[in-house]
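Chain residues, written in single-letter form:
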Amino acid sequence: MNKYQFTDADRFSVAPMIDVTNRTFRKFARLMTKKAMLYTEMIAAAALVHNKEYLIEHDESENPCTLQLGGSDPKTLAKACKIGEKFGYSAINLNAGCPSDKVQQGSFGAILMKTPDVITDCLKAMQDAVSIPVTVKTRIGVDDLDSTEYTRKIVESVYKTGSRHIILHARKAWLNGLSPKENRTVPPLDYQRVYDLKQEFSDLSITINGGILNIDDCKEHLNYVDGVMLGRAIIDNPYLLASVDSMIYNDGSAILSREQVFDSVIKMAHDFVKDGNRLHHLGIHTINLFNGCKGARHFRNYLSLHMHELGADESVLVNAYEKMQRV
Ligand SMILES: Cc1cc2nc3c(=O)[nH]c(=O)nc-3n(C[C@H](O)[C@H](O)[C@H](O)COP(=O)(O)O)c2cc1C
């Protein structure tokens, strides 16, 4: 594996999302796609190197899976990368796009876009520390630094490290005045700027992110860039993942029906609760599994009412399904 290059798995990724793409989510996602690149939630590199390795527990069945780190100190990031590699992650990604206040106070995330040299230093230290790929996820601009020239500067900060893969959320971040949620909707998407950069840096693989809703959108973007990354569309419609191996990776596999996926979820829930976990930690990821189907609202309502109950097990999922069927 060349650590500077895009891998086959990077053609389709599930975006890193705090409180969503945890281990339970990743195991749920793997019931539907074996090929997609999954990401962890962002993990602060400083926490990881200070004896918080439990934050990144992981096993081979989740791979391909990228560990996303937050940080701006090259040495700390390098140490965190080594821990990530030891845990068996497929790749490591630096978060240079998160605009939350907490992250800004730590001087990482989107604020890194203001200092492209720091991005370069961090990436170099991270690459030197491990033999797996190291990438960066960033936006196309920050505050008033929002021109094509500035995006090019950010891309160059990655390119000159030797890295040949970047993930670009196709909107800028406003660091003051917008919440992280607003920062995912208010600044307009500019896909064209990302496509143009791909033309300019033809040997750089670009993954595009932001506002991609379905497989058709993915295919359209893949005419212009190398990879697509989806976040909220997967939360709203996780079943989309069942089509990915066949429709994006063209692996010839059959697309599982929702019911087939649901059968696997029930088995997973049985084991999950038997292992001492609370059902709602899995239920939260499955609640939208039937979105778009008749009666999905009843499935969601029943699940959200009962999955938190003490002793809740897979029968709550079965009952939720029956409620939906009765409509
Ligand atoms: C709940 C939530 C949590 C997020 N957490 C992270 C994160 O930990 N790291 C990161 O780089 N981006 C994070 N993001 C941003 C997403 O990775 C993605 O860039 C953004 O949602 C735009 O993609 P989308 O339009 O497909 O959702 C988060 C987004 C959401 C909705």
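Keep in mind that this is a model prediction, so the values were computed, not measured.

Here we take up the pairing of strand E6 (residues 165-169). Of all the 5 residues making up E6, 5 are buried; the element is thus mostly covered by neighbouring parts of the structure. Going residue by residue along E6, you find His165, Ile167 and His169 tucked away on one face and Ile166 and Leu168 tucked away on the opposite face as well. Where strand E5 (residues 134-139) lies against E6, 4 bridges are found, and the strand directions are parallel. Looking at E6, one finds that Val136 is bridged to Ile166. Between E5 and its parallel partner E6, the chain crosses via helix H6 (residues 148-159), and the hand of that crossover is right-handed. For E6 and strand E7 (residues 205-209), the ladder comprises 5 bridges, and the chain directions are parallel. Its bridge partner lying in E7, His169 is registered against Asn209. You can see the chain leave E6, run along helix H7 (residues 191-200) and come back into E7, and the turn it takes is right-handed.

Here the focus is the layout of surface pockets. Quantified by volume, the largest pocket comes out at close to 690 Å³. Lining the largest pocket are 33 residues, and of these Ala15, Pro16, Met17, Lys137 and Arg184 sit closest to its centre. At the level of elements, E5, strand E8 (227-230) and helix H9 (232-236) are the ones that each hand at least two residues to the lining of the largest pocket. Counting residues per element, the lining of the largest pocket draws most heavily on H9, at 4 residues. In terms of residue class, the lining of the largest pocket is made up of 16 nonpolar, 11 polar and 6 charged. Empty space within the second largest pocket amounts to approximately 450 Å³. If you trace the second largest pocket, you find 21 residues lining it, with Asn22, Arg23, Thr24, Glu57 and Phe272 closest to the centre.

Attention now goes to the site of the ligand. Taken together, 16 residues are adjacent to the ligand, and Gln68, Asn209, Gly211, Gly231 and Arg232 come closest. At a separation of 2.8 Å, a nitrogen atom of the ligand approaches a polar backbone atom of Ile18. Considering the ligand on its own, with 610 Å² of exposed area, one finds that the protein chains cover 90% of that surface. Structurally, the ligand is housed in the largest pocket. Of the residues that constitute the shell around the ligand, the class distribution is 6 nonpolar, 7 polar and 3 charged.

When its domains are assigned, the protein resolves into domain 1 (8-244) and domain 2 (258-325). Between the C-alpha centres of domain 1 and domain 2 there is a distance of 30 Å. The interface of domain 1 with domain 2 comprises 13 residues on the first partner and 13 residues on the second. When domain 1 packs against domain 2, close to 1,100 Å² is buried across both sides, 72% of that on carbon and sulfur atoms. When residues of domain 1 are sorted by the area they lose upon contact with domain 2, Thr24, Phe28 and Tyr239 head the list and together hold 48% of the total. On inspection of domain 1 and its partner domain 2, the count reaches 0 salt bridges. Of all the secondary structure elements, the ones that give two or more residues to the side of domain 1 that touches domain 2 are helix H1 (23-29) and H9. In terms of residues, the side of domain 1 that touches domain 2 owes the most to one element, H1, which gives 4 residues.

Note that the residue after Asn63, namely Pro64, is joined by a cis bond; omega there is 0°. Phi angles above zero are rare outside glycine, and Asn250 is one such case at about 50°. Structurally, Asn250 is set in the loop between helix H10 (244-247) and helix H11 (258-274).

On to the UniProt feature "active site" (unreviewed entry) in the protein, then. Mapped onto this numbering, the UniProt entry gives "active site" (unreviewed entry) at Cys98. The contacts of Cys98, once residues within four sequence positions are left out, are Val103, Phe108, Gly109 and Ala110.

Moving on, we come to the packing of helix H3 (residues 74-86) against helix H5 (residues 116-129). Axis separation between H3 and H5 bottoms out at 8 Å; the angle between their running directions is 35°. Between H3 and H5 lies a crossing whose hand is right-handed. Here Pro74, Leu77, Ala78, Cys81, Lys82 and Glu85 of H3 come into contact with H5, specifically with Asp121, Cys122, Ala125, Met126 and Ala129. By residue class, the composition of the contact of H3 with H5 is 8 nonpolar, no polar and 3 charged.

The 8 strands lie next to each other as E1-E8-E7-E6-E5-E4-E3-E2, forming an open sheet whose pairing is parallel. Whereas interior strands pair on both sides, the edge strands pair on one side only; in this sheet they are strand E1 (12-14) and strand E2 (38-44). Shown here is a sheet whose adjacent strand axes are inclined to one another by a mean of 25°, direction ignored. Where E2 lies against strand E3 (residues 65-70), 5 bridges are found, and the strand directions are parallel. In the sheet register, Tyr39 faces E3, and the bridge partner there is Thr66. In this fold H5 packs onto E3, strand E4 (91-96) and E5, with an angle of close to 155° to the strand it touches most, E5.

About the cut-offs
Residues numbered from 1 in each chain as written. Predicted model: local features only at pLDDT ≥ 70, side-chain atom pairs only at ≥ 80, totals over all residues. Heavy atoms only, no water. Buried < 20%, exposed > 50% of the residue type's maximum accessible area, 1.4 Å probe, protein only. Helix = DSSP H or I, 4+ residues; strand = E, 2+ residues; numbered from the N terminus. Pairing = 2+ DSSP bridges. Right-handed = clockwise from strand over helix to strand, strands pointing away. 1 Å grid on protein atoms, 1.4 Å probe; cavity = no way out; pocket = protein on both sides within 12 Å on 5 of 7 lines; lining within 4 Å. Points joined across faces, edges and corners; volume = space filled by probe spheres on them. Nonpolar A, V, L, I, M, F, W, Y, C, P; charged D, E, K, R; others polar. Near = heavy atom within 4 Å. Polar contact = N/O pair within 3.5 Å; in protein donor to acceptor, adjacent residues only side chain to side chain. Areas by Shrake-Rupley, 256 points an atom, 1.4 Å probe, with all protein chains shown as cover. Sits in = over half its atoms within 2 Å of the grid points. Domains from an automatic or database assignment. Contact = heavy atoms within 4.5 Å. Buried area = accessible area lost by both parts, 1.4 Å probe. Salt bridge = Lys/Arg side-chain N within 4 Å of Asp/Glu carboxyl O. UniProt positions renumbered as here; feature names shortened; annotations may be inferred. Axes fitted to C-alpha atoms, helices over the stretch in contact; angles between N-to-C directions. Left-handed = near helix turned anticlockwise from the far one by under 90°.

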